[in-house]
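Structural overview for review
Next come the chains, spelled out residue by residue.
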Amino acid sequence: ALYNVCFTSIPIIVLGIFDRDIVNTDHLHSIPQLYQLGLKNNGLNIRNFIFWMLKAIIHSAVIFFTIVIGYGDYALIGGTGSLGRIATLDSIGVTIYTALLLTATFTLALHSNSFSWMQFLVIGGSLVVWFMFLAIYGHYHRHTATNATT
């Protein structure tokens with residue numbers, strides 16, 4: 001649960017705070033057309049919610065099946081590949097989560113109207129911290145894991 005907060009929720013919150021449709025805010029009150037989207041409830045409605053939920057389901061299904069097919073025989077329970085190795089739930093899960101994190105981060109960046117230094121820092125930083133976490137955890141896990149064959 002902490003993964004989602006640190007690596008996906010914080011960039012969304014920062015984007016919500018710092019993203020601006022219009023960079024020059026001097027004439028906001030003199031242009032009433034800017035407020036029509038909110039007044040007509042076009043931004044937050046059931047249709048948009050369903051669109052984003054379907055988009056998320058499609059993204060997750062494509063990522064899951066691409067990775068499971070990519071692992072091939074390794075992804076099967078008890079299956080071994082041509083090298084005789086078994087893919088663990090950890091390795092498949094980390095691969096899927098990394099792909100989901102990259103997809104969520106790049107989708108967030110694509111839907112941003114403007115970028116500030118804070119957005120670059122948080123969006124890029126979440127990816128950097130994730131890969132640093134993977135390296136540190138992988139190093140620690142490798143030295144503390146027990147070998148089932150010995």
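Source: prediction; values computed, not measured.

Scanning the protein chain from terminus to terminus reveals five helices and zero strands. Within the span of the protein chain, comprising 150 residues, buried residues form 17% of the whole. For the protein chain, restricting intrachain contacts to residue pairs at least 6 apart in sequence, the fraction spanning at least 24 positions comes to 66%. Of the roughly 11,400 Å² of accessible surface on the protein chain, 70% is carried by carbon and sulfur atoms.

Once that is clear, we can look at the environment of Val94. By secondary structure assignment, the location of Val94 is in helix α4 (residues 89-110). Residues Val94 and Leu134, spaced 40 residues apart in sequence, show a C-alpha to C-alpha distance of 8.6 Å.

Let's shift gears to the nonpolar core. In this structure, Phe7, Tyr97, Leu101, Leu127 and Trp130 together form the largest nonpolar core, which totals five residues. Of all the secondary structure elements, the ones that give two or more residues to this core are α4 and α5 (117-144).

All right, on to the confidence of the model for the protein chain then. Taken over all residues, the pLDDT of the protein chain has a mean of 77, while the share at 70 or more is 74%. The element-level mean pLDDT for the protein chain is lowest in helix α2 (residues 36-39), coming to 70, with helix α3 (residues 46-71) highest at 90.

Moving on to the side chain of Ser126. Structurally, Ser126 can be placed in helix α5. Within the structure, the side chain of Ser126 is placed 2.9 Å from the backbone oxygen of Ile123, a separation counted as a polar contact. Aside from chain neighbours lying at most four places away, what touches Ser126 is Cys6, Phe7, Pro11, Thr105 and Leu121.

With that settled, the discussion passes to α3. Between its first and last C-alpha atoms α3 spans 37 Å; for 26 residues at 1.5 Å apiece the expected length is 38 Å, and the two agree. In the segment just after α3, Gly72 is the residue with positive phi, at about 65 degrees.

With that settled, the discussion passes to the packing of α3 against α4. Packing of α3 against α4 leaves a shortest axis separation of 10 Å and a crossing angle of 140 degrees. Handedness of the α3/α4 crossing: right-handed. Residue-level inspection shows Trp52, His59, Ser60, Ile63, Phe64, Ile67 and Tyr71 of α3 in contact with α4, the latter providing Ser91, Ile92, Thr95, Ile96, Ala99, Leu100, Thr103 and Thr107. Partitioning the contact of α3 with α4 into residue classes produces nine nonpolar, six polar and no charged.

Take α4 next. Here α4 contains 22 residues, and its C-alpha end-to-end distance of 31 Å stays within 8% of the 32 Å for a straight helix at 1.5 Å per residue. Listed as buried for α4 are Ile92, Ile96, Tyr97, Thr98, Leu101, Thr105, Thr107 and Leu108.

All right, on to the packing of aromatic side chains then. Tallying each qualifying case throughout the model produces five aromatic pairs. Considering the side-chain rings of Phe133 and Tyr137, the 5.8 Å spacing of their centres and the 15 degrees angle between planes classify their relative orientation as stacked. With Phe133 and Tyr137 both in helix α5, this residue pair falls four residues apart, about one helical turn. Its relative accessible area of 29% is what places Phe133 among the partly exposed residues. What links up through ring pairs into an aromatic cluster is the set Tyr97, Trp130, Phe133 and Tyr137.

Procedures and definitions
Residues numbered from 1 in each chain as written. Predicted model: local features only at pLDDT ≥ 70, side-chain atom pairs only at ≥ 80, totals over all residues. Heavy atoms only, no water. Helix = DSSP H or I, 4+ residues; strand = E, 2+ residues; numbered from the N terminus. Buried < 20%, exposed > 50% of the residue type's maximum accessible area, 1.4 Å probe, protein only. Contact = heavy atoms within 4.5 Å. Areas by Shrake-Rupley, 256 points an atom, 1.4 Å probe, with all protein chains shown as cover. Core = buried A, V, L, I, M, F, W, Y, C linked by side-chain atoms within 4.5 Å. pLDDT = per-residue confidence, 0-100. Polar contact = N/O pair within 3.5 Å; in protein donor to acceptor, adjacent residues only side chain to side chain. Expected span 1.5 Å × (residues − 1). Axes fitted to C-alpha atoms, helices over the stretch in contact; angles between N-to-C directions. Left-handed = near helix turned anticlockwise from the far one by under 90°. Nonpolar A, V, L, I, M, F, W, Y, C, P; charged D, E, K, R; others polar. Phe/Tyr/Trp six-rings, centres within 6.5 Å; stacked < 30°, edge-to-face > 60°.

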